[in-house]
Amino acid sequence: MNKQSPIIQINEFLQLSKNPNLRLFDVRTGADSKAEFDKKHLQNAVYVDLNSDLAKIDNPKNGGRHPLPTFEDFIKTLGKLGIDKDSHVVIYDDKNGANAAARFWWMLKGVGHNNVQVLDGGLQFAESQNYPLASGEESYPETKYISDYQDWQLPQVWIDDVKKATQDAESIVVDVRESQRYDGIMEPIDLVAGHIPNAQNFPFIDNLDEKGLFKSPEVLRNLYSELFDNYEKSKIIFHCGSGVTACHSLLALDYAGFDIPNLYVGSWSEWSRNEI
């Protein structure tokens, strides 16, 4: 059986939209995201909040700006959202899948839920293709999500692991933020500009084409193959500002057929508060 693509195109999604097991989620971010969702979203989509549903926000010095919730709390959240083991989950955001949609995808994969896809192009592209819109609140009946696991199943590293990796020639730390943030020219969110020593910059935006859609698996494979050919998977670490957009590159890698490498959730937001 062929592995299901982690990316779903709008035409495939239209065919899936009548599936009773479909669970569609809008995880747009920003100060007014819930109000914007209430005004307009894809029909049958339920709003998911990055800060309260997909993170357990505390002191950024310990885990960064968007640390993961506990495994148990996330399992409870899945039940509240109406997701069970049979659900076909489709996720989108308003940033071409490049933000919290990818994070939610990673977290679902991390609890062992493989029937999950990110909508290519996100809200804007679906709207441009005349996908039906709705307004107001939406919800699915609550369930009890039962995982086969007790802890996250995708590889992660922590700040001490990253520290070691920066001094290890056989390891690579990949920073997916835009080049101006990596270069320290600007820093719109965190307290200090710059990057982790010896980290290499592969901006997540390079995963997308000029229309804001994911590049083809073949193109992505060529883009990343040199990086992956030179290092063992266990020695590759991806990070961003707070462990959210890094998931976009992990999604692109999975789409291209690579094994998913390590995620450093604390990312620059944690590192810059401890190691500067």
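Computed from a prediction, not measured in an experiment: that's the story for all the values here. (Residues numbered from 1 in each chain as written. Predicted model: local features only at pLDDT ≥ 70, side-chain atom pairs only at ≥ 80, totals over all residues. Heavy atoms only, no water.)

**Comments concerning the overall build of the chain**
Point 1. Each helix and strand in the chain was counted, giving eleven helices and twelve strands.
Point 2. Computed over the C-alpha atoms, the radius of gyration of the chain is 18 Å, within 12% of the 19 Å expected from 2.2 N^0.38 for a compact globule of 276 residues.
Point 3. Buried residues in the chain amount to 54% of all 276 residues.
Point 4. In the chain, 27 side chains carry a positive charge and 41 a negative one; their mean positions are 3 Å apart. (Helix = DSSP H or I, 4+ residues; strand = E, 2+ residues; numbered from the N terminus. Rg over C-alpha atoms; globule rule 2.2 N^0.38 Å. Buried < 20%, exposed > 50% of the residue type's maximum accessible area, 1.4 Å probe, protein only. Lys, Arg positive; Asp, Glu negative; His and termini not counted. Charge placed at Lys NZ, Arg CZ, Asp CG, Glu CD.)

**Considering the packing of aromatic side chains**
Point 1. One pass over the full model with this rule turns up twelve aromatic pairs.
Point 2. Look at W106 and W152: their rings are 6.1 Å apart centre to centre, the planes differ by 35°, and that puts the pair in the tilted class. With a gap of 46 residues between them, W106 in helix α5 (residues 100-110) and W152 in the loop between β7 (133-134) and β8 (156-157) connect regions that are remote in the sequence. Each member of the pair, W106 as well as W152, is classed as buried.
Point 3. A connected cluster of aromatic rings, assembled from ring pairs, spans F25, F71, F74, F104, W106, Y140 and W152.
Point 4. Positioned over the ring face of Y140 is R23, at 4.6 Å from the centre of the ring.
Point 5. Positioned over the ring face of F258 is R221, at 4.2 Å from the centre of the ring. (Phe/Tyr/Trp six-rings, centres within 6.5 Å; stacked < 30°, edge-to-face > 60°. Lys NZ or Arg CZ within 6 Å of the ring centre and 35° of its normal.)

**With respect to the side chain of D53**
Point 1. Counting through the fold element by element, D53 comes out in helix α3 (residues 50-53).
Point 2. Put simply, D53 is tucked away with no salt bridge, and the nearest opposite charge, on K80, sits 7.5 Å away.
Point 3. Once you skip the residues sitting within four places of it in the chain, D53 turns out to touch V48, P69, F74 and T77. (Salt bridge = Lys/Arg side-chain N within 4 Å of Asp/Glu carboxyl O. Contact = heavy atoms within 4.5 Å.)

**Regarding the pairing of strand β11 (residues 236-239)**
Put simply, side chains in a regular strand alternate between the two faces of the sheet.
Point 1. The two faces of β11 match: I236 and F238 on one face and I237 and H239 on the other face are all buried.
Point 2. Note: strand β9 (residues 172-175) against β11, four bridges, orientation parallel. The partner of V173 across the bridge, within β11, is I237.
Point 3. Here β11 pairs with strand β12 (residues 262-264) via two bridges, running parallel. Within β12, the residue paired with F238 across the bridge is L263.
Point 4. Taken together, β11, helix α10 (residues 246-255) and β12 form a β-α-β motif whose crossover is right-handed. (Pairing = 2+ DSSP bridges. Right-handed = clockwise from strand over helix to strand, strands pointing away.)

**As for α10**
Point 1. Within α10, ten of the ten residues are buried, leaving the element largely enclosed by the surrounding structure.
Point 2. Of all the positions in α10, only A246, C247, H248, S249, L250, L251, A252, L253, D254 and Y255 are classed as buried.
Point 3. Looking at the packing, one finds that the buried side of α10 touches β1 (7-8), α5, β6 (116-119), α9 (217-229), β11 and β12.

**Observations regarding the UniProt feature "domain: Rhodanese" (unreviewed entry) in the chain**
Point 1. UniProt marks residues 18-135 and 167-276 with the feature "domain: Rhodanese" (unreviewed entry), using the numbering shown here.
Point 2. Across residues 18-135 one finds 34% helix and 17% strand; the C-alpha atoms that close the span lie 19 Å apart. (UniProt positions renumbered as here; feature names shortened; annotations may be inferred.)

**A look at the pattern of salt bridges**
Point 1. All chains considered together, the criterion is met by 17 salt bridges.
Point 2. Notably, a salt bridge pairs K34 with D38, separated by 2.9 Å at the nearest N-O pair. You can see K34 and its partner D38 sitting in helix α2 (residues 33-39), four residues apart, about one turn around the helix.
Point 3. On the basis of relative accessible area, K34 is assigned to the partly exposed category, the value being 27%.
Point 4. The partner of R181 in a salt bridge is D190, with the nearest N and O atoms 3.8 Å apart. As far as the burial class goes, R181 and D190 line up, both buried.
Point 5. Because the salt bridges share partners, they merge into one network encompassing R65, D175, R177, R181, E187, D190 and R273.

**Quick word on the packing of helix α4 (residues 71-81) against α5**
Point 1. Contact pair α4 / α5: the axes reach a minimum separation of 11 Å and the direction vectors enclose 110°. Considered as vectors, α4 and α5 are oriented roughly perpendicular to each other. Contacts between α4 and α5 involve F71, F74, L78 and L81 from the former and F104, M107, L108 and G110 from the latter.
Point 2. Per-class residue counts for the contact of α4 with α5 are seven nonpolar, one polar and no charged. (Axes fitted to C-alpha atoms, helices over the stretch in contact; angles between N-to-C directions. Parallel < 35°, antiparallel > 145°, perpendicular 65-115°, else oblique. Nonpolar A, V, L, I, M, F, W, Y, C, P; charged D, E, K, R; others polar.)

**Details of the domain arrangement of the chain**
Point 1. Partitioning the chain into structural domains gives domain 1 (7-134) and domain 2 (156-272).
Point 2. For domain 1 versus domain 2, the distance between C-alpha centres works out to 21 Å.
Point 3. Each partner contributes residues to the interface: domain 1 has 26 residues there, and domain 2 has 26 residues.
Point 4. In total, about 2,100 Å² of surface goes out of reach between domain 1 and domain 2, with carbon and sulfur atoms giving 66% of it.
Point 5. On the domain 1 side of the contact with domain 2, I7, R65 and W106 bury the most area, a combined 29% of that side's loss.
Point 6. Here domain 1 and domain 2 share one salt bridge between them.
Point 7. One salt bridge connects R65 with D190, and the closest N-O pair in it is separated by 2.7 Å.
Point 8. Between domain 1 and domain 2 we count eight residue pairs in polar contact (both at pLDDT 80 or more) in total. (Domains from an automatic or database assignment. Buried area = accessible area lost by both parts, 1.4 Å probe. Polar contact = N/O pair within 3.5 Å; in protein donor to acceptor, adjacent residues only side chain to side chain.)

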